[in-house]
Amino acid sequence: MKIAVLTKAIPSYESSIRVDSSGKWIDETVVNYVVNESDAYALEEALQIKESASGDSEVVVVTLGSEANTSKVIKDGLAKGADRGIFIKNESTTTDPLAISKLFADNLKSENFDLIFSGLQSDDMGSGQTGVLVGEMLDMSTATLAIETKVDGDKIKVKRELESGWFQWVTLPFPSSISIQSGINEPRYPSLKGIMGAKRKELNVLESSPESQTQSFVNLFVPTNEKVTEKIVGDTESIVAKIMDILKNKLKVI
Amino acid sequence: MILVVLENQRGNIHPFSLEAVAAGQKFAQELNSELSILCLGEKVSELKTQAQNFKSNKLIIAQNSLIDMYSADGYSKVLSDVISNMSPKYVLMGHSYMVRDFVPRVSAKLGIPFVSDIISVNFNNGSPLFSKQVFNAKLATSIEVSSNQALLSFQSAAFSSDDIQEGGPDAEHVFDVELLGQDIRTQSEPEFQESASGVDLTAAELIVSVGRGVESEDNLPTMQSLADAMGAEVASSRPVVDMGWLPPYRQVGSSGQVVSPKLYFSLGVSGAIQHVVGMKGSKNILAINKDEDAPIFEIADYAVIGDLLEIVPKLTEEINNSK
Ligand SMILES: Cc1cc2nc3c(=O)[nH]c(=O)nc-3n(C[C@H](O)[C@H](O)[C@H](O)COP(=O)(O)OP(=O)(O)OC[C@H]3O[C@@H](n4cnc5c(N)ncnc54)[C@H](O)[C@@H]3O)c2cc1C
Ligand SMILES: Nc1ncnc2c1ncn2[C@@H]1O[C@H](COP(=O)(O)O)[C@@H](O)[C@H]1O
C-alpha cells in the first residue's frame, strides 16, 4: 500500500500576521511556519495504517511551497516515520485551490498512490478543497472529514463527521483521496532516533510553477470590529479588579 | 443566470440553503439576472414544496434513484451536468459539510473556480468581490474570479433567510439526469447519531470556555474552579476535545453545540470562525487572550489582554472572597 500525506506549512497561531507593502500578501519574514493542524492527524493516520498493514507499505510526505517555509514540515514528517518525502517547490504565492491542486496532480500522477490523505482544511487559506480536487483530477474516490478509518483489502471504510452530531460510514475503493478531521488519533512526537534517521531518507525535489489562476486575492486587510469592545489592559491586579467590576456591577452575574 | 442548489438535510431544506436562496435573490437583483433553484436527489418532494414558496424564475428538479442517498460521485456528476447544460454564471450554496465534500469535484471536472466559505459580497458594479477570512481569521481578503463562471459557498449568516422574497417560481423544469450505477464508486451507509450528549450547554446562563491557550491539561482544574465560583458550565474549543482534555459534549462551534448564554467568558480561545458560529449569539462576551490581535476580540464586549494563567487564579480567589 502506498500512501501520500499532503502536509502544509502554515504560520503558527502565535506568529504576528502583518500585511506586506504589496497589500496582497503577508510579511513572511516575521512568521514562524509550522505543520497545519489537521495534516498532523492525517500523517499519524497514515503511519498507523502502515504499521498495522501486512506486506509492504510506504508513507510519503508531500509538501508544496517555498523552500524557506516548508523545510521543517518535510523533516518533521520523515522524523515521525514517513519513508520518503516529495517537495514540490513553488515560490509563487498562488492562492487558487485549482491551480495548486493541478500542481499536486501533475507531480503525483506517476506515483499511483493507493491513498492520498490530506487535512480537512489549511488554517491559513481555509479553502477545504485541496484533497478533493486532487482526488477528482487523479480519478480517485473521495471522502472528507474522516474521523475513523478501517482499511479492508483494496478498500477503505471511513467514518465521516456530518453536521450537528451526525455521522456516516462510507466505503471507498482504492485509489482514494481522503481528508482527515482533527481529533481522529493522537499524533506522535518524533523520537531522537527518528530525527537522526530522517537525514538519510530520500527527498525528491520537483520544480513547479502554477498555470493561470482562476481566483486571486485583490487585497488583504484586518477585519473590522463588529462590536464596541472595551479593552482591558494593565497588571494582573488591576485586570482582576476590572473583571470583578464587570461581573458584579455591569453584568450582575456574581 | 444564477443557480442556487438546495441541500436536503434528512427531509428538510438545510438552513444554510435558505441563506443561499436569499443570496441568490440578491445576486439576481444586483446583476440583473435570472434566478433558478435546483432540487437534487431522489426524495425531492419536500424540498420542492418548500421551494415553491421562493420567488424565482425557474425551479429545476434533478431526480434519480441513484442519488437517493448522497454520494460525492453522484452529486458531483449531476451538478456538473446541470451546469454544463444551463451555463449559470454563479452557482450558490451554503458552506455545509456536504458542499465541502462534493463541490470541489465539480470545480475540478469543469475547471470552474470554487470560492468557499464566503462571509460577504461586494457587488462592485457588476464584478463582485468575495470576502473570506484567512490566516486563522487574523486577516480577511477580497477575492476576484477571472473566469466566466464560479461556484460560491457562504458561511452561515453571510446572508439572512429573513430576507427571502416569497412568490414562487415562474416555471418548473425537470432535468434529465444521466447516471449509471458504475458512476458511483462509494458505498454509503445510513446516517446516525452518537449517544446523546452529557450536558446541555444551550441551557446554561453562564459559560466559562477554555481554548488551547490553557496550555496544559494540568491547568483545567484551575479553570473549573473559576467556573464553580461563578456557577458556570465549562465549555471548550475543538482542540481541547481533540487532545482528550474534555469530553466532546463540551465543545462549542460548528461541529459542537451552539450556545447563547448571558455571559460567555472565553479563556485562551483564538476565535476561529468555526468556534465563533457556536457562540456569537451570546448576550455578553468577555475574552481573555494574550494576543491583542486575536480574532475573538472582534466580537467581544470586553477584551482582556493578558495571561490567563496569571489572571484566572486571582480572579477565582476574589470571587470566592466576595461571597
Ligand atoms: C470543519 C471544521 C469544523 C470545526 N469545528 C470546530 C468547533 O466546533 N469548535 C471549535 O472550537 N473549533 C472548530 N474547528 C477548529 C477551528 O478552526 C480552530 O482550529 C479552533 O477553534 C481553535 O481553537 P483554540 O482557539 O482553542 O486554539 P488556537 O487557535 O490555538 O488559539 C489559542 C489561543 O490562546 C491564546 N493563548 C495562548 N496562551 C495564552 C495564555 N497564557 N493566556 C491567554 N491567552 C493565551 C493564543 O493567543 C491563541 O489566540 C473546526 C474546524 C473545521 C475546519
Ligand atoms: N501547499 C500545500 N502543501 C501541502 N499540502 C497542502 C498544501 N495546500 C493544501 N494542502 C493539503 O490540503 C489540505 C486542505 O487545504 P485547503 O484546501 O487549502 O484548505 C491541507 O490540510 C493539506 O493537507
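That block above? That's the structure.
Just so it is clear, the structure is predicted and the values come from calculations on it, not from any experiment.

Draft legend 1. Structural context of the overall build of chain A. The helix and strand tally for chain A stands at six helices and 13 strands. Considering only C-alpha atoms, chain A reaches an extent of 65 × 45 × 40 Å along its principal axes. The proportion of buried residues among the 254 residues of chain A is 54%. A fraction of 70% describes how many contacts in chain A between residues 6 or more apart in sequence connect residues 24 or more apart.

Draft legend 2. A negative patch on the surface, seen in detail. A grouping of Asp235 and Glu237 of chain A together with Glu317 and Glu318 of chain B is seen on the molecular surface, where their side chains present a negatively charged patch. Examined against the element boundaries, glutamate 317 of chain B turns out to sit in helix H8 (residues 308-321).

Draft legend 3. Geometry of the packing of helix H3 (residues 72-86) of chain B against helix H4 (residues 97-110) of chain B. Residue and element names in this part refer to chain B. At their nearest, the axes of H3 and H4 sit 9 Å apart, and the two run at 50° to each other. Considered as vectors, H3 and H4 are oriented oblique to each other. For the pair H3 and H4, the sense of crossing is right-handed. Contacts between H3 and H4 pair Ala72, Asp73, Tyr75, Ser76, Lys77, Leu79, Ser80, Ile83 and Ser84 from the former with Met98, Asp101, Phe102, Arg105, Val106, Lys109 and Leu110 from the latter. Of the residues belonging to the contact of H3 with H4, the class tally is eight nonpolar, three polar and five charged.

Draft legend 4. Structural view of the site of ligand 2. Residues and elements named next belong to chain A. Taken together, 18 residues lie around ligand 2, and Leu6, Asp39, Ser122, Gly128 and Thr130 are the ones closest in. Protein contact buries 97% of the 480 Å² of open area that ligand 2 shows by itself. Among the elements of the structure, strand S4 (58-65) and strand S6 (115-119) are those that each provide at least two residues to the shell around ligand 2. If you tally residues by element for the shell around ligand 2, the top one is S4, at three residues.

Draft legend 5. Broad picture of the sheet that holds strand S9 (residues 129-134) of chain B. Pairing is antiparallel in the open sheet, where four strands are placed in the order S12(A)-S10(B)-S9(B)-S8(B). Of all the strands in the sheet, the pair left with one neighbour each is strand S12 (215-221) of chain A together with strand S8 (120-122) of chain B. Mean inter-strand twist for the sheet, computed between neighbouring axes without regard to direction, equals 35°. Here three bridges tie S8 of chain B to S9 of chain B, and the two strands are oriented antiparallel to one another. When the sheet's bridge partners are listed, asparagine 122 of chain B is paired in S9 of chain B with leucine 129 of chain B.

Definitions and limits used
- Residues numbered from 1 in each chain as written.
- Chains lettered and ligands numbered in written order.
- Predicted model: local features only at pLDDT ≥ 70, side-chain atom pairs only at ≥ 80, totals over all residues.
- Heavy atoms only, no water.
- Helix = DSSP H or I, 4+ residues; strand = E, 2+ residues; numbered from the N terminus.
- Buried < 20%, exposed > 50% of the residue type's maximum accessible area, 1.4 Å probe, protein only.
- Contact = heavy atoms within 4.5 Å.
- Patch = residues over 30% accessible without salt bridge, like charges linked within 9 Å, V, L, I, M, F, W, Y side chains within 5 Å.
- Areas by Shrake-Rupley, 256 points an atom, 1.4 Å probe, with all protein chains shown as cover.
- Salt bridge = Lys/Arg side-chain N within 4 Å of Asp/Glu carboxyl O.
- Lys, Arg positive; Asp, Glu negative; His and termini not counted.
- Charge placed at Lys NZ, Arg CZ, Asp CG, Glu CD.
- Axes fitted to C-alpha atoms, helices over the stretch in contact; angles between N-to-C directions.
- Parallel < 35°, antiparallel > 145°, perpendicular 65-115°, else oblique.
- Left-handed = near helix turned anticlockwise from the far one by under 90°.
- Nonpolar A, V, L, I, M, F, W, Y, C, P; charged D, E, K, R; others polar.
- Near = heavy atom within 4 Å.
- Pairing = 2+ DSSP bridges.

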